[in-house]
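The residues making up each chain are set out below.
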Amino acid sequence: MNITARNISKSYKRKGISGEVQVLCSTDIDLESGKICLISGRSGSGKSTLLNILSGLLCASGGTVHYDGTDIYKLSDKELSLLRCSRTGYIPQVQSAVGTLTVRENVLLPSAVIGKGKDRFAADGLLERFGLTELADARPDSLSGGELRRLSIARALVNLPQAIFADEPTNDLDDENSRLVFEQLRKSADSGAAVVIVSHDRLAKEYADVVYCMQQGSLNREKGQL
Ligand SMILES: Nc1ncnc2c1ncn2[C@@H]1O[C@H](COP(=O)(O)OP(=O)(O)O)[C@@H](O)[C@H]1O
Ligand SMILES: [Mg+2]
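How each quantity is defined
- Residues numbered from 1 in each chain as written.
- Chains lettered and ligands numbered in written order.
- Predicted model: local features only at pLDDT ≥ 70, side-chain atom pairs only at ≥ 80, totals over all residues.
- Heavy atoms only, no water.
- Core = buried A, V, L, I, M, F, W, Y, C linked by side-chain atoms within 4.5 Å.
- Buried < 20%, exposed > 50% of the residue type's maximum accessible area, 1.4 Å probe, protein only.
- Helix = DSSP H or I, 4+ residues; strand = E, 2+ residues; numbered from the N terminus.
- Contact = heavy atoms within 4.5 Å.
- Donors = N, O, S within 2.8 Å, 3.2 Å for Na, K, Ca; no water.
- Near = heavy atom within 4 Å.
- Polar contact = N/O pair within 3.5 Å; in protein donor to acceptor, adjacent residues only side chain to side chain.
- Areas by Shrake-Rupley, 256 points an atom, 1.4 Å probe, with all protein chains shown as cover.
- Nonpolar A, V, L, I, M, F, W, Y, C, P; charged D, E, K, R; others polar.
- Pairing = 2+ DSSP bridges.
- Axes fitted to C-alpha atoms, helices over the stretch in contact; angles between N-to-C directions.

### Focus: the nonpolar core
Counting 37 residues, the largest nonpolar core has Phe130, Leu185, Val195 and Ile197 as its most contacted members. Secondary structure elements with two or more residues in this core: strand E3 (36-41), helix H3 (103-113), helix H4 (120-129), helix H5 (145-157), strand E7 (163-167), helix H6 (175-190) and strand E8 (194-198). Broken down by element, the residue count for this core peaks at 6 residues, all from H5. Those residues in contact with Phe130 that lie beyond four places of it in its chain are Arg150, Ile153, Ala154, Leu157, Leu180, Val181 and Gln184. Ranked by size, the runner-up nonpolar core spans 29 residues in total, among them Cys37, Leu54, Tyr67 and Tyr212.

Following this line, the structure appears as structure tokens:
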């Protein structure tokens, strides 16, 4: 899938403060099938905001996001959430497992949402790849931060997404597990996914085709070209 974002701006209202805070202004970015795009930059510079807008989670104040020519913010809520679940994978910056489900059920959640039934074979393959097989029937509250992180990555990949949005996916992980995650994201890109990673991890650059730095709401390209 190819993703084109043009002229993206975003401002937030802050509680207790009058007026709005401008986080993104006139940002353009292209994500291409087969490529990994890395976005680094200081905390608070707007990286998660941009990722959320690109992934269909957060409406921009201005600008457009097209997936293969479809303006995603012109879709109905139902159409957009089906598109997100069936064709994209999102790895959130913060822990987001559902506490009442087991680890395996959490990984299967996106396939259940699109009615693919229980794609247990795919889920178990991912659990094994991320070293979670023995925890498949455990509840998330018994997992460490790193295990929860790997669970959220397995869940994002279960539907073989054509676009992957990863927000600091290796936070809480040691170098060995970080490499496992970046290698997996590289494999997904090599199989045709468009991948965008927000990360400060020094290892991330080795796996990226294009590197941007977010500075004061604007993206500056540091390496590569699509
Ligand atoms: N829902 C929100 N309401 C108000 N301000 C927000 C909200 N989300 C993020 N911000 C602000 O927008 C700025 C960028 O945040 P974020 O996109 O999370 O940055 P990053 O991911 O680069 O750390 C920060 O100053 C943050 O406080
Ligand atoms: Mg962030």
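### Considering the coordination of the magnesium ion (ligand 2)
Protein ligation of the magnesium ion (ligand 2) involves Ser48 (OG) and Gln93 (OE1), the donor distances falling in the range 2.0 to 2.3 Å. Of the two residues, Ser48 sits in helix H1 (residues 47-54) while Gln93 sits in the loop between strand E6 (88-91) and H3, which places them 45 residues apart along the sequence.

### Focus on the site of ligand 1
Residues in close proximity to ligand 1 include Tyr12, Lys13, Arg14, Val23, Arg42, Ser43, Gly44, Ser45, Gly46, Lys47, Ser48 and Thr49, which together make up its full environment. Within the backbone of Gly44, an N or O atom sits 2.7 Å from an oxygen atom of ligand 1. One nitrogen or oxygen atom from the side chain of Lys47 is found 2.8 Å from an oxygen atom belonging to ligand 1. Compared with its free state, where it exposes 570 Å², ligand 1 has 65% of that area covered by protein. Of all the elements in the fold, those that place two or more residues in the shell around ligand 1 are strand E1 (3-13) and H1. Here the shell around ligand 1 takes 3 residues from H1, the largest share from any one element. For the shell around ligand 1, the class distribution of residues is 2 nonpolar, 6 polar and 4 charged.

### Here we look at the sheet that holds strand E5 (residues 70-71)
The pairing of strands in a sheet happens through backbone hydrogen bonds and is either parallel or antiparallel. Strand order in this open sheet of 4 strands is E2-E1-E4-E5, and the pairing throughout is antiparallel. At either margin of the open sheet sits one strand with a lone partner, and together these are strand E2 (20-31) and E5. Summarising the sheet, E1 and strand E4 (residues 62-67) pair through 5 bridges and their orientation is antiparallel. Counted as the bridge partner of Thr4 is His66 from E4. Each of E1, E2 and E4 is contacted by H1, which is oriented at about 55° to E2, the strand it contacts most.

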